[in-house]
Amino acid sequence: MIAAKPILEAQGLTKHFRTGGAVSQRVVKALQDASFQLYPGKVTALVGESGSGKSTTARLLARLYEPTAGQIIYAGRDTVEDKGRSKLLKYRSEVQMIFQDPFSSLNPVHSISYHLKRPLQIHRKAQGRQMTEKVHDLLHTVALTPPADYTPKYPHQLSGGQRQRVAIARALAVEPKVILADEPISMLDVSIRMGILNLMAKLRDEQNLAFLYVTHDLASARYFADETMVMYAGHIVESGGSEELTQDPQHPYTQLLLSAVPDPARGLRTQETEIAGEVPSLSEVGEGCPFAARCPHVMSRCREAMPPVTRLSETRWVRCYLFDEA
Ligand SMILES: Nc1ncnc2c1ncn2[C@@H]1O[C@H](COP(=O)(O)OP(=O)(O)OP(=O)(O)O)[C@@H](O)[C@H]1O
Ligand SMILES: [Mg+2]
């Protein structure tokens with residue numbers, strides 16, 4: 001079941017990057033016409049191959065990129081026109097991002113204590129003695145205990161998993177409503193990945209946080225995410241409950257992706273989601289479905305226009321002409 005109201009919503013969200021010089025300008029269509037919702041207390045996974053536009057989607061939602069088109073609706077209000085510093089600061093405190101590499105997202109010259117106090121100061125969440133208490137609370141939340149062992153340390157004195165826990169604690173410092181986690185476990189040792197996913201699941205349940213979980217690994221999406229969206233070459237092509245979607249994929253691309261996953265028993269070991277054929281260059285994708293060139297069911301209209309969203313159930317939809325009645 002889906003909670004009644006989304007906290008963050010994308011409507012027709014689109015990002016085109018212009019690259020190259022004036023003569024050889026190319027447009028990279030990194031995200032096209034994406035509409036989806038994130039709900040409090042739910043994890044939504046965004047799964048796709050490398051270069052499909054996952055990070056671009058997360059960065060747009062974090063307001064690190066300006067969208068080319070579309071709306072980003074936070075708590076019922078479009079935020080795209082909010083460009084002033086104080087509005088962006090407020091938005092970015094409520095919608096926090098966690099990155100793939102915890103080492104580069106922490107500053108090597110500052111202690112863990114500094115990393116956690118800084119957002120508390122900037123967003124005026126605590127002062128004086130309260131500050132130390134709050135820092136200890138945050139470290140408790142992410143299971144870095146006893147906190148006093150960690151506060152004086154520097155990032156290089158921690159393991160990869162501990163650094164990612166610090167990055168999560170820092171995101172939590174400003175009491176966010178939404179966390180956008182861009183491949184948060186893919187650089188960590190296999191043995192500690194599950195611990196980080198379980199920590200995030202605990203935060204979802206205890207703090208009612210909405211998560212966007214970006215991954216190229218369907219197995220971890222199925223394990224951790226309530227809903228899964230499948231992305232291909234800049235388009236979200238299918239979305240639904242993670243269990244249902246992985247058990248009974250509808251879009252030909254999702255079907256191919258799942259048939260390429262070698263062995264579910266391998267659990268969270270990295271399963272590079274690579275399948276036969278080439279992902280089209282994002283500067284060459286035309287008006288049609290980007291999967292048309294590799295699709296076993298391709299029809300002529302697939303090359304002409306992107307299929308509309310077809311709803312299969314309350315929680316499930318697909319963009320494919322195989323399901324389009326019109
Ligand atoms: N700042 C940018 N300027 C120009 N092109 C960009 C920029 N950021 C991303 N792109 C392009 O947009 C496309 C999508 O990139 P994105 O990083 O969103 O993919 P991804 O799905 O996160 O891939 P990965 O799994 O490798 O992280 C790529 O072709 C990429 O080169
Ligand atoms: Mg990425």
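Quantities reported herein were computed from a predicted structural model and do not represent experimental measurements.

Caption draft 1: Spotlight on the overall build of the protein. Assigned secondary structure in the protein consists of 11 helices and 12 strands. Across the 326 residues that make up the protein, the buried fraction comes to 43%. Long-range contacts, defined here as pairs at least 24 residues apart, represent 66% of the contacts in the protein between residues at least 6 apart.

Caption draft 2: Here's a closer look at the sheet that holds strand E5 (residues 77-78). Ordered in space as E2-E1-E4-E5, the four strands form an open sheet in which the pairing is antiparallel. Each of the sheet's edge strands pairs with one partner strand only, and the pair in question is strand E2 (26-38) and E5. As paired strands, strand E4 (residues 69-74) and E5 are joined by two bridges and run antiparallel to one another. Bridging across to E5, tyrosine 74 finds its partner in arginine 77.

Caption draft 3: Looking closely at the site of ligand 1. As a matter of local geometry, ligand 1 sits amid 14 residues, with Phe17, Ala30, Ser50, Ser55 and Thr56 nearest to it. Among the secondary structure elements, those contributing two or more residues to the shell around ligand 1 are strand E1 (8-19), E2 and helix H1 (54-61). With three residues, the top contributor of residues to the shell around ligand 1 is H1. Here the residues of the shell around ligand 1 sort into four nonpolar, nine polar and one charged.

Caption draft 4: A look at the environment of glutamate 314. Considering the arrangement of structural elements, one finds glutamate 314 in the loop between strand E11 (310-311) and strand E12 (317-318). A sequence separation of 74 residues divides glutamate 314 from glycine 240, and the C-alpha atoms of the two residues are 9.1 Å apart.

Caption draft 5: Structural detail: the nonpolar core. Counting 81 residues, the largest nonpolar core has Leu212 and Tyr213 as its most contacted members. At seven residues, the largest contribution of residues to this core is made by helix H7 (residues 160-173). In this view, leucine 212 contacts Leu38, Thr44, Leu46, Ala58, Leu61, Leu180 and Ala181; residues no more than four positions away in its chain are not counted.

Caption draft 6: Structural view of unusual backbone geometry. The linkage connecting threonine 145 with the following residue, proline 146, adopts the cis geometry, with an omega of -10°. Counting through the fold element by element, proline 146 comes out in the loop between helix H5 (128-141) and helix H6 (147-150). Residue alanine 143 is not a glycine yet carries a positive backbone phi of 60°. Turning to its location among the elements, alanine 143 is positioned in the loop between H5 and H6.

Caption draft 7: Layout of the sheet that holds strand E8 (residues 210-215). Here eight strands make up an open sheet; going across it, the order is E6-E7-E8-E3-E9-E10-E12-E11 and the pairing mixed. Both edges of this open sheet fall to strand E6 (95-98) and E11, since each of them pairs with a single strand only. Taken together, the five bridges between strand E3 (residues 43-48) and strand E9 (residues 227-232) define a ladder with parallel strand orientation. Of the residues in E9, the one forming a bridge with threonine 44 is glutamate 227. Sheet strands touched by H1: E3, E6, strand E7 (178-182), E8 and E9. Its angle to E8, the strand with the most contacts, is close to 155°.

Caption draft 8: The pairing of E2, seen in detail. Sheet analysis places E1 next to E2, joined by nine bridges and oriented antiparallel. Residue pairing in the sheet places threonine 19 in a bridge with arginine 26 of E2. Hairpin geometry of E1 and E2 is characterised by an intervening segment of six residues between the two adjacent antiparallel strands and by a positive phi of about 80° at glycine 20.

Caption draft 9: Up close: the pairing of E6. Taking every second residue as pointing to the same face, both faces of E6 are buried, with Val95 and Met97 on one and Gln96 and Ile98 on the other. The pairing of E6 with E7 spans four bridges and is parallel. Of the residues in E7, the one forming a bridge with glutamine 96 is isoleucine 179.

Caption draft 10: Representation of H1 in the model. By the criterion of burial, H1 is predominantly enclosed, with seven of the eight residues buried. Buried residues of H1: Lys54, Ser55, Thr56, Thr57, Ala58, Leu60 and Leu61, and no others. One or two steps after H1, the chain reaches arginine 63, where phi turns positive at roughly 60°.

Caption draft 11: Structural view of helix H11 (residues 252-260). Looking at H11, one finds that the buried residues are Pro252, Tyr253, Thr254 and Leu257. Lining the buried residues of H11 we find helix H9 (218-224), E9, strand E10 (235-241) and helix H10 (242-247).

Caption draft 12: Quick peek at the packing of H5 against H7. Between H5 and H7, the least distance of the axes is 9 Å, while the angle of their chain directions is 130°. Relative to H7, the element H5 is oriented oblique. For H5 against H7, the interelement crossing comes out right-handed. Note on element contacts: H7 touches H5 through Ala169, Leu172 and Ala173, opposite Leu138, Leu139 and Thr141. Considered class by class, the residues forming the contact of H5 with H7 number five nonpolar, one polar and no charged.

What counts and what doesn't
Residues numbered from 1 in each chain as written. Chains lettered and ligands numbered in written order. Predicted model: local features only at pLDDT ≥ 70, side-chain atom pairs only at ≥ 80, totals over all residues. Helix = DSSP H or I, 4+ residues; strand = E, 2+ residues; numbered from the N terminus. Buried ≥ 20, exposed ≤ 12 C-beta atoms within 10 Å, placed from the backbone. Contact = placed C-beta atoms within 7 Å. Pairing = 2+ DSSP bridges. Near = placed C-beta within 6 Å. Nonpolar A, V, L, I, M, F, W, Y, C, P; charged D, E, K, R; others polar. Core = buried A, V, L, I, M, F, W, Y, C linked by C-beta atoms within 7 Å. Axes fitted to C-alpha atoms, helices over the stretch in contact; angles between N-to-C directions. Parallel < 35°, antiparallel > 145°, perpendicular 65-115°, else oblique. Left-handed = near helix turned anticlockwise from the far one by under 90°.

Note that every value here comes from positions in space, so none of it alone points to a role or purpose.
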